Amino acid sequence: MKLFELRGGVHPEGRKDLSAGRHIRVLPLPKKLFVPLQQHIGAPATPLVNVGDKVLKGQLIALAQGAVSSSIHAPTSGVIAALGDFPAPHPSGLPVPTITIESDGEDKWIARDEAYDPFALTPEDIAARVGAAGIVGLGGATFPAALKLNLSRNSGVHTLIMNGGECEPYLTCDDRIMRERAGQIVEGIRLIAHAVAAKEILVGIEDNKPDAIAAMQAAAEGTPVKVVVMPSMYPMGSEKQIIQVLTGKEIPAGGRPADIGVLVHNVATAYAVQQAVCYGKPLISRIVTVSGGAIMTPCNVEALIGTPVQELIDFADGYEQPAARLVLGGPMMGQQFTHTGVPVVKGTSGVLALMQDEIGQAEPSPCIRCSTCVRACPIGLVPLEMAAHIRVSDLSGAVDLGLKDCIACGSCSYVCPAHIPLVHYFNYAKGDLAAQERTKLKQEATRKLAEARNERLARIERERAEAAARRKAAREAKERAKQEAAAKAAEEAA
Ligand code: SF4
Ligand code: SF4
């Protein structure tokens, strides 16, 4: 199949060999699980349990709220030990509302609704099952998957692209799941395609995963699913890049893949969809890569959502060397953390413990205007100019240069010879813009409330005046009638 040219991108050292050769192992059952109410894009789920309640594995414990949200299920059986704030993998680093479950060690499932002929289900039924299972995009975006299915079906998507790129260094969780669970992934892909009536189904896998490619090709044989080998390059696994390389189409600025008839899902999400639709299993675990030069035995583990990250590090035999930096996700787009008690959440693809020489951090120096960052940007932006505007707090100038289209891939920072942390500027500015947007929405809501109140008060005043006028008119009419009757009586008496 013809592949299309991509602009920009970088080739960081992969270091995937650290963990790629090891089979997925299931992490032992933790004593306590810390399950945050918000592990997805959108509104947090609302708890349905109280402290002291007994729950079964897979039981719904928090319900999705609003149009964009996702439900949460108990990862094991046990007792609700606490409802309250707990440190979580959140950019703020602040504690977030969390349900704590004390495991009873039995890991006893709730009754599950299995589908014996999943392809006999309607697209709406599939989306409903995916929504009820609390599935979100497992490639890192954590957008509720059912909502994506419904939006795509309504916008007439024709091409389904499954993302098996996994271009972030160190991460091998998608590689391993494709090697070991290819049959279930292909079934999940066909279910997603059935749910959105996609005509073309492409699975993009980078050429540095030959075993995953072979496993997926074997599983896809005789199905409409086409496995496409893509060159290894960062950020090939980003939505915009994979669409461009496989279809030659670009998402318009500020647009969505559905605008050009495309839906993109991650291969691990397809596995979760198959488990939910066929076996009624909600999303309560995921595959996580534990790696980095400081980890004694890098590996891939299947961990329950809510498992403290420290237990994954212990399972990998702890540290070989002191870690200079801990990262959740990949080193390019992941999030640094310090508290190893934070739990694995639905979007946790990796736990990395990196040594100083893997970080390669050097002091930034002034920009030499070499434009290397411009050549590396896969979106075609001008990072040095955007950063210059942000440095002088001119956010609207940065927006005019395309800040909102920046995918925060970090390619520009990676290649900058002056070691300027460009992507940090962009993340900071985007956070600031989001805060301004929230304030604007709040002010708008307050203005609307004030307007509604003023209208209500004016209406009450108007109704009062009208009632008073009616009463006055009635009084006058009564008075007139009285006077007329008196006059008439006087006339008759005369
Ligand atoms: S790569 Fe760094 S030094 Fe070169 S132009 Fe961009 S910001 Fe300046
Ligand atoms: S972080 Fe943004 S500006 Fe930098 S290379 Fe990636 S998309 Fe371009």
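Computed from a predicted model, the values in this text were never measured in an experiment.

Conventions adopted
- Residues numbered from 1 in each chain as written.
- Chains lettered and ligands numbered in written order.
- Predicted model: local features only at pLDDT ≥ 70, side-chain atom pairs only at ≥ 80, totals over all residues.
- Near = placed C-beta within 6 Å.
- Nonpolar A, V, L, I, M, F, W, Y, C, P; charged D, E, K, R; others polar.
- Helix = DSSP H or I, 4+ residues; strand = E, 2+ residues; numbered from the N terminus.
- Buried ≥ 20, exposed ≤ 12 C-beta atoms within 10 Å, placed from the backbone.
- Arc of directions from axis to C-beta.
- Contact = placed C-beta atoms within 7 Å.
- Domains from an automatic or database assignment.
- Pairing = 2+ DSSP bridges.
- Axes fitted to C-alpha atoms, helices over the stretch in contact; angles between N-to-C directions.

Caption draft 1: Summary view of the site of ligand 1. Around ligand 1, the structure places 14 residues, and the nearest of them are Cys-367, Cys-370, Cys-373, Cys-416 and Ala-418. The residue inventory of the shell around ligand 1, partitioned by class, reads eleven nonpolar, two polar and one charged.

Caption draft 2: Broad picture of the site of ligand 2. In the neighbourhood of ligand 2, 15 residues make up the surrounding shell, with Cys-377, Cys-406, Cys-409, Ser-411 and Cys-412 lying closest. The set of elements that each furnish at least two residues to the shell around ligand 2 consists of α14 (411–415) and α15 (422–493). A breakdown of the residues in the shell around ligand 2 according to their chemical character gives 13 nonpolar, two polar and no charged.

Caption draft 3: Summary view of helix α6 (residues 210–220). Looking at α6, one finds that the buried residues are Ala-212, Ile-213, Ala-215, Met-216, Ala-219 and Ala-220. Burial along α6 is one-sided: seen end-on, the buried residues are contained in an arc of 165 degrees. Facing away from the buried side of α6, by more than 90 degrees, are the exposed residues Pro-210 and Ala-218. The inward-facing, buried residues of α6 contact β9 (159–164), α4 (173–180), α5 (182–196), β10 (200–206) and β11 (225–230). Once α6 finishes, Gly-222 follows within two positions and takes phi at roughly 80 degrees, a positive value.

Caption draft 4: Structural context of the domain arrangement of the chain. What the domain assignment reports for the chain is domain 1 (17–26 + 121–315) and domain 2 (372–494). Each of domain 1 and domain 2 was reduced to a C-alpha centroid, and the two centroids are 39 Å apart. With seven residues of domain 1 at the interface, the matching set in domain 2 holds six residues. In terms of residue class, the side of domain 1 that touches domain 2 is built from three nonpolar, three polar and one charged.

Caption draft 5: Up close: the sheet that holds strand β16 (residues 335–337). If you trace the six strands from one edge of the open sheet to the other, you get β1-β14-β13-β17-β15-β16, paired in mixed fashion. The sheet is open, and its two borders are formed by β1 (24–26) and β16, each paired with just one other strand. Across the sheet, the axes of successive neighbouring strands diverge by a mean angle of 30 degrees, strand direction being ignored. Of the strand pairs in this sheet, strand β15 (residues 325–328) and strand β17 (residues 350–354) are connected by four bridges, and their pairing is antiparallel. Residue pairing in the sheet places Leu-326 in a bridge with Ala-353 of β17. This element, α4, spans β1, β13 (285–291), β14 (299–304) and β17 of the sheet and lies at about 125 degrees to β13.

Caption draft 6: Representation of helix α2 (residues 123–132) within the structure. Every buried residue of α2 is listed here: Ile-126, Ala-127, Arg-129, Val-130 and Gly-131. Residues of α2 that are buried make contact with α3 (145–154), α5 and α8 (267–279). Immediately beyond the C-terminal end of α2, within one or two residues, lies Gly-134, with a positive phi of roughly 65 degrees.

Caption draft 7: Representation of unusual backbone geometry. A cis geometry characterises the amide bond from Tyr-234 onward to Pro-235, with omega recorded as 0 degrees. Among the secondary structure elements, Pro-235 is positioned in the loop between β11 and α7 (239–247). Its identity is not glycine, yet Arg-15 carries a phi of approximately 50 degrees, on the positive side. Among the structural elements, Arg-15 can be located in the segment before α1 (17–20). Look at Thr-142: it is not a glycine, yet its phi comes out positive at around 55 degrees. Relative to the helices and strands, Thr-142 is located in the loop between α2 and α3. Overall, the presence of 19 C-beta atoms within 10 Å leaves Thr-142 in the partly exposed class.

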